[in-house]
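Spelled out, the chains give:
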Amino acid sequence: MSAVAVRAHLAEVVTKAESGEITVITRKGERVGAVVPIEILDAIEEAADELAAREAELHRNDPTVGTAELLADLFDAPPDSAGSTA
């Protein structure tokens, strides 16, 4: 759904999210975002927390990895297909 259409039909998009439907938002034909049910967002956040905890546990006793370095590695944007960060 285009960003313009989402703006015009926001109440409908929210209702769809409440019923479990994902609405992908596009701009100029490119996917730029999504409106998702809150349960999906909660699951993504929980998975990210679990990943961070596992990564931290792997390096807990490693004196060569500092907290700042660990956090930078965890939250650094992954490279896109061209090799640059987003």
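Residues numbered from 1 in each chain as written. Predicted model: local features only at pLDDT ≥ 70, side-chain atom pairs only at ≥ 80, totals over all residues. Heavy atoms only, no water.

A.B. asks: Honestly, the pairing of strand E1 (residues 23–27) in this entry has me stumped. Any pointers?
C.D. replies: Successive side chains on a regular strand alternate, one facing one side of the sheet and the next facing the other. The pairing of E1 with strand E2 (residues 30–35) spans five bridges and is classified as antiparallel. Opposite Thr 26, over in E2, you have Arg 31 as the bridge partner. A loop of two residues connects E1 with E2, the two strands running antiparallel in sequence, and Lys 28 in this loop sits at a positive phi of about 55°. (Pairing = 2+ DSSP bridges. Helix = DSSP H or I, 4+ residues; strand = E, 2+ residues; numbered from the N terminus.)

A.B. asks: Looking at this model, I keep getting lost on the pattern of salt bridges. Mind explaining?
C.D. replies: One side chain can pair with another of opposite charge once the charged atoms of both are near each other. Counted under the stated rule, the structure contains two salt bridges. The salt bridge partner of Glu 12 is Lys 16, with a shortest N-O separation of 3.3 Å. Here Lys 16 and Glu 12 lie together in helix H2 (residues 10–18), a separation of four residues that amounts to about one turn. The salt bridge involving Arg 54 is made with Glu 50; its shortest N-O contact spans 2.9 Å. Linking Arg 54 with Glu 50, this pair stays in helix H3 (residues 38–58), spanning four residues, or about one helical turn. In this structure Glu 50 comes out as partly exposed when scored by relative accessible area, which is 40%. (Salt bridge = Lys/Arg side-chain N within 4 Å of Asp/Glu carboxyl O. Buried < 20%, exposed > 50% of the residue type's maximum accessible area, 1.4 Å probe, protein only.)

A.B. asks: So what exactly am I meant to see when it comes to the side chain of Thr 23 here?
C.D. replies: For Thr 23, the location among the structural elements is in strand E1. Those residues in contact with Thr 23 that lie beyond four places of it in its chain are Met 1, Val 13, Lys 16, Gly 33, Ala 34 and Val 35. (Contact = heavy atoms within 4.5 Å.)

A.B. asks: Teacher, can you tell me more about a nonpolar patch on the surface here?
C.D. replies: A surface patch of nonpolar side chains, about 250 Å² in accessible area, is lined by Ile 22, Ile 40 and Ile 44. Since its relative accessible area comes to 51%, Ile 44 is described here as exposed. (Patch = residues over 30% accessible without salt bridge, like charges linked within 9 Å, V, L, I, M, F, W, Y side chains within 5 Å. Areas by Shrake-Rupley, 256 points an atom, 1.4 Å probe, with all protein chains shown as cover.)

A.B. asks: Before we go on, may I ask you to explain the environment of Val 32 in this structure?
C.D. replies: Checked against the element boundaries, Val 32 lands in strand E2. Residue Val 32 is classed as exposed on the basis of its relative accessible area of 51%. Placed 30 residues apart in sequence, Val 32 and Ser 2 show a C-alpha to C-alpha distance of 9.5 Å. Other than its neighbours up to four places away in sequence, Val 32 contacts Ile 25, Thr 26 and Arg 27.

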